[in-house]
Number of protein chains: 2
Amino acid sequence: MELFYAYEVSGRFCRLDAEESSHCVRVLRHRAGDEIDMIDGLGTLYHCRLTLADPKGAEAEILDKQEGFASHPYHLTLGCCPTKNNDRFEWFVEKATELGVDRIVPLIGEHSERKVYKTERAARIALAATKQSLKARIPEIAEPQSVRSFIAASPQNSLRLIAYCFDDPSVPRRSILDVLKEKQGYDITVLIGPEGDFSPEEARLALAQGYIPVHLGPSRLRTETAAVTAVEAVYLWSLTL
Amino acid sequence: MELFYAYEVSGRFCRLDAEESSHCVRVLRHRAGDEIDMIDGLGTLYHCRLTLADPKGAEAEILDKQEGFASHPYHLTLGCCPTKNNDRFEWFVEKATELGVDRIVPLIGEHSERKVYKTERAARIALAATKQSLKARIPEIAEPQSVRSFIAASPQNSLRLIAYCFDDPSVPRRSILDVLKEKQGYDITVLIGPEGDFSPEEARLALAQGYIPVHLGPSRLRTETAAVTAVEAVYLWSLTL
């Protein structure tokens, strides 16, 4: 099964952009009349018949559609500080997309070495991984924001978890899997700090806002490994529901 | 904390190879008398005093040692068919090492596109990731072998799991986390197939040998993502013990 991304769905027709059209018509040599599968990136799969095999702008007629195709039983927002090495963060974006994530928010923390982040490449990787892993919904790659504004803006009704090595013994931490099992939240937000970890003020702010402190185990994980581990925990937990 | 790898530990002394010696003496400018931490790669951490600051072959006297440093409460062997793209398999080796794995066996399956695999690079990555994640035991990167010989040789007393999309409805599969929770094994073996999956004969052989069929959830995961997900499942499960 090969999925194409429809940048526009209007009425009975799906439209492919130049890149997808070229891949569909030039590379895969699809012709008018061929049946192909497309996604709108919002969660719907369309089974279509190619009507206009134009390598610059192909069109296909919708024969059948399936909403919520390959969806997962949770809504996960992952706020994570991009790594100094861009490849590592982009690798996380690919893996999180394969497993199942809804929103990735690149965060700039007080200890972040990376103070700016451009989302274009990550968005392309998310699209490619969505198609490759046969999902219909492309995770949103949000514009970068500060850790503080992310914490302040995260919805109170979301199960909000922060992975941070609180030295303060008065802040007990449980394993992320234990907390997920106990709280059984649908809307989940996980906060992963930069290579230099959160600042104590950022951590305090998160706790004050209702974030639950969790740990990801005794292993010393790189930032991108910690972020993937958080997604894996939510994904593996959802299999036990 | 920075860890150095001692290729030889004899009596009261640890010895560094040329690469580690140069890193210790030339790059980090350690001098005789400095206290440094070393691992033997077998699970022991040595706190030492540098006695010979030779950039070609440094030596350090053992002041204190800690066996089973940063060990995990399971023994995990992961048999996995290397991906066509070497970087993806090496990324898995790095992540599995960070999380905690004991033995990685590159497997050649009947559907493997990659029929040969050289272990040198993966072994170097495992060493670097062991030091970076502050562990004392370097996972073994075994020599490649066929899926069939791996299955035939895997110990009967190990909890052996195979992740494979059995079309046969008479073969029920449960999520890997559910099986880990029920069986509570210490010695665990997980088998992950190639991009083309196992051959039906390989899968049948595994079941005949007592492998338990498991699934890694509904997401369609790349080979290296499936392998990391298996390690994550064992790691996260071990946190709930």
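Since we're looking at a predicted model, the values are computed, not measured. (Residues numbered from 1 in each chain as written. Chains lettered and ligands numbered in written order. Predicted model: local features only at pLDDT ≥ 70, side-chain atom pairs only at ≥ 80, totals over all residues. Heavy atoms only, no water.)

1. Looking at the sheet that holds strand E1 (residues 3-10) of chain A
Residue and element names in this part refer to chain A. Condition: Should DSSP find at least two bridges between two strands, the strands are regarded as paired. Counting from the N terminus, the helices are DSSP H or I runs at least four residues long and the strands are E runs at least two residues long. Orientation is described by lines fitted to C-alpha atoms, with helices fitted over the stretch in contact, and by angles between N-to-C directions that extend from 0 to 180 degrees.
The 5 strands lie next to each other as E1-E2-E5-E4-E3, forming a closed barrel whose pairing is mixed. Looking at each pair of strands side by side, their axes are set apart by 55° on average, direction ignored. Relative to strand E2 (residues 13-16), E1 is paired through 4 bridges, and the arrangement is antiparallel. In the strand pairing of E2, Ala6 is matched with Leu16.

2. Re the sheet that holds strand E3 (residues 35-39) of chain B
Residue and element names in this part refer to chain B. This is how it is decided: Contacts are assigned to residue pairs with any non-hydrogen atoms lying within 4.5 Å of each other.
The 5 strands lie next to each other as E1-E2-E5-E4-E3, forming a closed barrel whose pairing is mixed. Strand after strand, the sheet turns through a mean of 55° between neighbouring axes, direction not considered. Across 3 bridges, the pairing between strand E1 (residues 3-10) and E3 is parallel. Each residue of the ladder has a partner; that of Leu3, found in E3, is Asp37. Set on the sheet, helix H1 (residues 18-27) makes contact with E1, strand E2 (13-16), E3 and strand E4 (45-52); between it and E1 the angle comes to about 130°. Set on the sheet, helix H3 (residues 120-132) makes contact with E1 and E3; between it and E1 the angle comes to about 110°.

3. Some words on the domain arrangement of chain A
Residues and elements named next belong to chain A. Let me state the cut-off plainly: Each domain span listed reflects an automatic or database assignment of domains. Joining two parts hides part of their accessible area as seen by a 1.4 Å probe, and the buried area is that hidden amount summed over both.
Considered domain by domain, chain A is made up of domain 1 (3-67) and domain 2 (75-238). Here the C-alpha centroids of domain 1 and domain 2 sit 33 Å apart. With 11 residues of domain 1 in contact, the opposing surface of domain 2 contributes 8 residues. Buried surface at the junction of domain 1 and domain 2, summed over both partners, amounts to about 680 Å²; 67% is from carbon and sulfur atoms.

4. As for the packing of aromatic side chains
In plain terms, the rule: Between the rings of Phe, Tyr and Trp (Trp by its six-membered ring), a pair exists once the centres lie within 6.5 Å; its type follows the angle of the planes, with under 30 degrees stacked, over 60 edge-to-face, and the other angles tilted. Buried residues are those whose accessible area, probed at 1.4 Å on protein chains only, stays under 20% of the maximum for their type, while exposed residues exceed 50% and partly exposed ones sit between those limits. Geometrically, a lysine NZ or arginine CZ counts as sitting over a ring once it is within 6 Å of the ring centre and also within 35 degrees of the ring normal.
One pass over the full model with this rule turns up 7 aromatic pairs over all chains. On the basis of an interplanar angle of 55° and a centroid distance of 5.5 Å, the ring pair of A:Phe89 and A:Phe92 is categorised as tilted. Placement of both A:Phe89 and A:Phe92 in helix H2 (residues 86-99) is noted, with a separation of 3 residues, approximately one turn of the helix. Overall, the relative accessible area of 1% leaves A:Phe89 in the buried class. On the numbers, 5.2 Å between centres and 75° between planes, the contact of A:Phe89 with A:Tyr117 is edge-to-face. With A:Phe89 in helix H2 and A:Tyr117 in the loop between strand E7 (103-108) and helix H3 (120-132), this pair connects stretches of sequence that are 28 residues apart. Here the two residues A:Phe89 and A:Tyr117 agree in accessibility, since each one is buried. Three or more aromatic residues joined by ring pairs form one cluster here, namely A:Phe89, A:Phe92 and A:Tyr117. Between the NZ or CZ atom of B:Lys95 and the centre of the ring of A:Trp91, over which it lies, the distance is 5.1 Å. Here B:Arg160 stacks its cationic end above the ring of B:Tyr211, 5.6 Å away from the centre of that ring.

5. Here's the deal with the pairing of strand E10 (residues 159-163) of chain A
Residue and element names in this part refer to chain A. By the criterion of burial, E10 is predominantly enclosed, with 5 of the 5 residues buried. Both faces of E10 are covered, namely the face carrying Leu159, Leu161 and Ala163 and the face carrying Arg160 and Ile162. In this structure, E10 lies alongside strand E12 (residues 187-192), joined through 5 bridges in parallel fashion. Bridge pairing in E12 places Ile162 opposite Leu191. Pairing of E10 with strand E13 (residues 212-215), which is carried by 3 bridges, proceeds in the parallel orientation. Counterpart to Ala163 in the pairing with E13 is Val214.

6. Examining the interface of chain A and chain B
Which entries qualify depends on this criterion: We count a salt bridge whenever a side-chain nitrogen from Lys or Arg sits within 4 Å of a carboxyl oxygen from Asp or Glu. In protein, a polar contact requires one atom able to donate a hydrogen and another able to accept it; more generally it is a pair of N or O atoms within 3.5 Å, and residues adjacent in sequence count only if both atoms are side-chain atoms. Put simply, Ala, Val, Leu, Ile, Met, Phe, Trp, Tyr, Cys and Pro go in the nonpolar bin, Asp, Glu, Lys and Arg in the charged bin, and everything else, Gly too, in the polar bin.
Tallying the contact residues gives 34 residues for chain A and 34 residues for chain B. Summed over the three residues of chain A that lose the most area to chain B, namely A:Arg220, A:Leu236 and A:Leu239, the buried surface amounts to 20% of that side. At the junction of chain A and chain B, the tally comes to 8 salt bridges. Two residues, B:Arg88 and A:Glu94, come together in a salt bridge whose shortest N-O distance is 2.7 Å. The interface formed by chain A and chain B holds 24 residue pairs in polar contact (both at pLDDT 80 or more) in total. Listed by contribution, the elements that provide at least two residues to the side of chain A that touches chain B are H2, helix H5 (176-183) and helix H7 (223-239) of chain A. Among the elements that make up the side of chain A that touches chain B, the one with the highest residue count is H7(A) (10 residues). A class-by-class count of the residues in the side of chain A that touches chain B yields 14 nonpolar, 9 polar and 11 charged.

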